Amino acid sequence: MQDSGIQVLFQGTNFLRLWEGLWVSLKIALISMLLSMILGIILGMIMTSKSKIIRFICRVYLEIVRILPQLVLLFIVYFGAAKHLGMNLSGEISAVMVFTFWGTAEMGDLVRSALISIPAHQYESGYGLGMTKLQIYRYIIIPQTIRRLLPSLINLLTRMIKTTSLIVLIGVVEVVKVGKQIIDASRYSNPTAALWVYGTIFVMYFLICYPFSKISSYLEKKIKD
Amino acid sequence: MDIEFIRSYYPMYVTAAKMTLGIAFFGIILSLIIGLVCSMIKKMNIPVLKTIVNIYIELSRNTPLLIQLFFLYFGLPKMGIVLSSRTCATLGLAFLGGSYMSEAFRTGIDNVASIQTESALSLGFTRWQVFVHIIMPQAIATSIPVLCANIIFLIKETSVFSAVALADLMYVAKDLIGIHYKTDEALFMLVISYLIILLPISLIFGWLERRMRYAGFGNTSTVPGN
């Protein structure tokens, strides 16, 4: 067979299967992102607390998450939980747990820095105008915080999507795994399949992440102006 | 926790850590060079090269290292380019890091006021001299916090090297879990190894960053790479 081997992508439903595989990673990223946003906002508010002990505990949590590679956290949950809790956590569940644990810390720090970047006179002027605390948050603080948060939030989402590529290493059947299956299945009929399959996966990740990073940098510029 | 087990198997972790750090070192040096060259090309506005650099940066920033490594290690041999695991890992790290470093340098360069360039040009410096003697020293000072964050990020990214058949820390841990079923000990040593590698670096960088801020250089609004 004297051909480039690109047709491996169009045999059967191969191309569709790859996208389905990527969707598995994306789903995990989106679920974790949603959970970490909710938990992160709560953590961010806790982190602005005046108590030194609470701030210290939050700091330790953040540093642990930042220092250990995400893959190490995945291993701890995936292998550790199986042994200690006697639970057979599936790769997907472990991944969601780890990415939420990680995302919450990052999100908390973002929320914290957005909250403290709002100058005190914003609160004071609000009080001066006779607004209640709830009104100040609703009309003054939260709108400004969201504007400042949005670029880094989207940035975190792209990082989350990129990091979900690691889950193949704890045995989740996602895009890389599907790619390997396709390569193995066409080992004899199409020996150069690996080049095309991995090339395609590379481009697929790019197509997913590129729009997000463009939006993020656009928003960042818009806020600066 | 089986202390005896830890004692007899920790040398495996030491070997793995040394190998990873060696690759990380070369990868980071390469990525700094790539970053410097890319930011220079962007600053000097060289027509065709600039487009190539932009494409490279977008490609590298928007794809995961694992996929880049898979492509290098399993894909390229089909085109007749066979690379060893070590070369793949180093190149992959440099490919990923180059764009992050380039962005860090670029922020630094953008922060140098244009009056500096204009003054130097009016004093008769050539464009090259302006870049090397006026812009770069100031730019590097400003971008140090981001550079440090990128270095830590890249060291953390080395944890995926086991995917291209390198016997790194993750590989050793997985191996020990598989062979001896000593999950606790293996994971414990894994965490300790990463802490020993990353904690001192992160503390030193934190200190360095505070020093730079003292000097009035630090730009607190910069976002770390990872």
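Residues numbered from 1 in each chain as written. Chains lettered and ligands numbered in written order. Predicted model: local features only at pLDDT ≥ 70, side-chain atom pairs only at ≥ 80, totals over all residues.

Along chain B, the regular secondary structure elements total eight helices and zero strands. Moving toward the C terminus, one meets the helices and strands of chain B in the order α-α-α-α-α-α-α-α. Structurally, chain B occupies a C-alpha span of about 70 × 50 × 25 Å along its principal axes. Expressed as a percentage of the 226 residues in chain B, the buried residues total 41%. (Helix = DSSP H or I, 4+ residues; strand = E, 2+ residues; numbered from the N terminus. Buried ≥ 20, exposed ≤ 12 C-beta atoms within 10 Å, placed from the backbone.)

Helices and strands together make up the secondary structure of chain A, namely eight helices and zero strands. Listing every helix and strand of chain A by position from the N terminus yields α-α-α-α-α-α-α-α. At 22 Å, chain A has a C-alpha radius of gyration far larger than the 17 Å of a compact globule built from 225 residues. Each of the three principal axes of chain A carries a C-alpha extent, and together these read 80 × 50 × 25 Å. The buried share among the 225 residues of chain A stands at 40%. Considering only intrachain contacts with a sequence separation of at least 6, the fraction spanning at least 24 residues in chain A is 78%. (Rg over C-alpha atoms; globule rule 2.2 N^0.38 Å. Contact = placed C-beta atoms within 7 Å.)

This brings us to the nonpolar core. Core analysis: the biggest nonpolar cluster contains 110 residues, and Leu74(A), Phe75(A), Val197(A), Leu69(B), Phe70(B), Ala173(B) and Leu190(B) have the highest contact counts within it. Considering each element in turn, this core owes the most residues, eleven residues, to helix H4 (residues 85-111) of chain B. If we skip the residues at most four places from it in the chain, Val197(A) touches Val8(A), Gly179(A), Ile182(A) and Ile183(A). (Core = buried A, V, L, I, M, F, W, Y, C linked by C-beta atoms within 7 Å.)

Before going further, it helps to examine the packing of helix H1 (residues 3-44) of chain B against H4(B). All names here are of chain B. Axis separation between H1 and H4 bottoms out at 6 Å; the angle between their running directions is 40°. The angle between H1 and H4 places the two elements in the oblique class. Handedness of the H1/H4 crossing: right-handed. (Axes fitted to C-alpha atoms, helices over the stretch in contact; angles between N-to-C directions. Parallel < 35°, antiparallel > 145°, perpendicular 65-115°, else oblique. Left-handed = near helix turned anticlockwise from the far one by under 90°.)

To continue, consider the confidence of the model for chain B. Residue and element names in this part refer to chain B. Summing up the model confidence of chain B, the mean pLDDT is 86 and the portion of residues at 70 or higher is 94%. Per-residue pLDDT, averaged within each element of chain B, yields its smallest value for helix H8 (residues 183-214) (85) and its largest for helix H2 (residues 47-61) (93). Low confidence marks residues 216-226, where pLDDT is under 50. Its contacts with residues over four positions away, or in another chain, come to 24 contacts. Predicted complex metrics record ipTM = 0.84 and pTM = 0.86. (pLDDT = per-residue confidence, 0-100.)

What follows covers the interface of chain A and chain B. Counting from both sides, the interface comprises 29 residues of chain A and, opposite them, 32 residues of chain B. It is helix H8 (residues 193-224) of chain A that contributes the most residues to the side of chain A that touches chain B, eleven residues altogether. Partitioning the side of chain A that touches chain B into residue classes produces 20 nonpolar, seven polar and two charged. (Nonpolar A, V, L, I, M, F, W, Y, C, P; charged D, E, K, R; others polar.)

Below, the discussion takes up the packing of helix H1 (residues 14-47) of chain A against helix H4 (residues 91-116) of chain A. Residue and element names in this part refer to chain A. One way to put it is that H1 packs onto H4 with a least axis distance of 6 Å and a crossing angle of 40°. Classified by the interaxial angle, the pair formed by H1 and H4 is oblique. Crossing of H1 against H4: the hand is right-handed. Class assignment for the residues of the contact of H1 with H4 results in 15 nonpolar, eight polar and two charged.

Residue and element names in this part refer to chain A. Here Asn-155 is to be found in helix H6 (residues 133-163). For Asn-155, a count of 20 C-beta atoms within 10 Å corresponds to the buried category. Along the backbone, Asn-155 and Cys-209 are 54 residues apart, and their C-alpha atoms lie at a distance of 9.5 Å.

Glancing now at the environment of Lys18(B). Its location among the elements puts Lys18(B) in helix H1. Residues Lys18(B) and Asp175(B), 157 residues apart in the sequence, show an inter-C-alpha distance of 18 Å.

For H1(B), with 42 residues, the first-to-last C-alpha span of 59 Å sits near the 62 Å given by 1.5 Å per residue. If you look at H1(B), its biggest bend is around 40°, right at Tyr9(B), and the proline Pro11(B) turns up within four residues after that. (Expected span 1.5 Å × (residues − 1). Bend = angle between axes of the 7 residues up to and from the residue.)

What follows concerns unusual backbone geometry. All names here are of chain B. The backbone phi angle of Ala-165 is positive, close to 65°, even though this residue is not glycine. Inspection of the secondary structure assignment puts Ala-165 in the loop between helix H6 (127-157) and helix H7 (169-180). One non-glycine residue with positive phi stands out, namely Tyr-181, at about 55°. Mapped onto the secondary structure, Tyr-181 falls in the loop between H7 and H8.

Now for helix H7 (residues 175-185) of chain A. Residues of H7(A) that are buried: Val175(A), Val176(A), Val178(A), Gly179(A), Ile182(A) and Ile183(A). On an axial view of H7(A), the arc spanned by its buried residues comes to 160°, and they lie on one face. Against H1 and H8 of chain A together with helix H3 (65-75) of chain B lie the buried residues of H7(A). (Arc of directions from axis to C-beta.)

Along the chain, the position of Met212(B) falls in helix H8. Note: C-alpha distance between Met212(B) and Thr142(B) (70 residues apart in sequence) is 7.9 Å.

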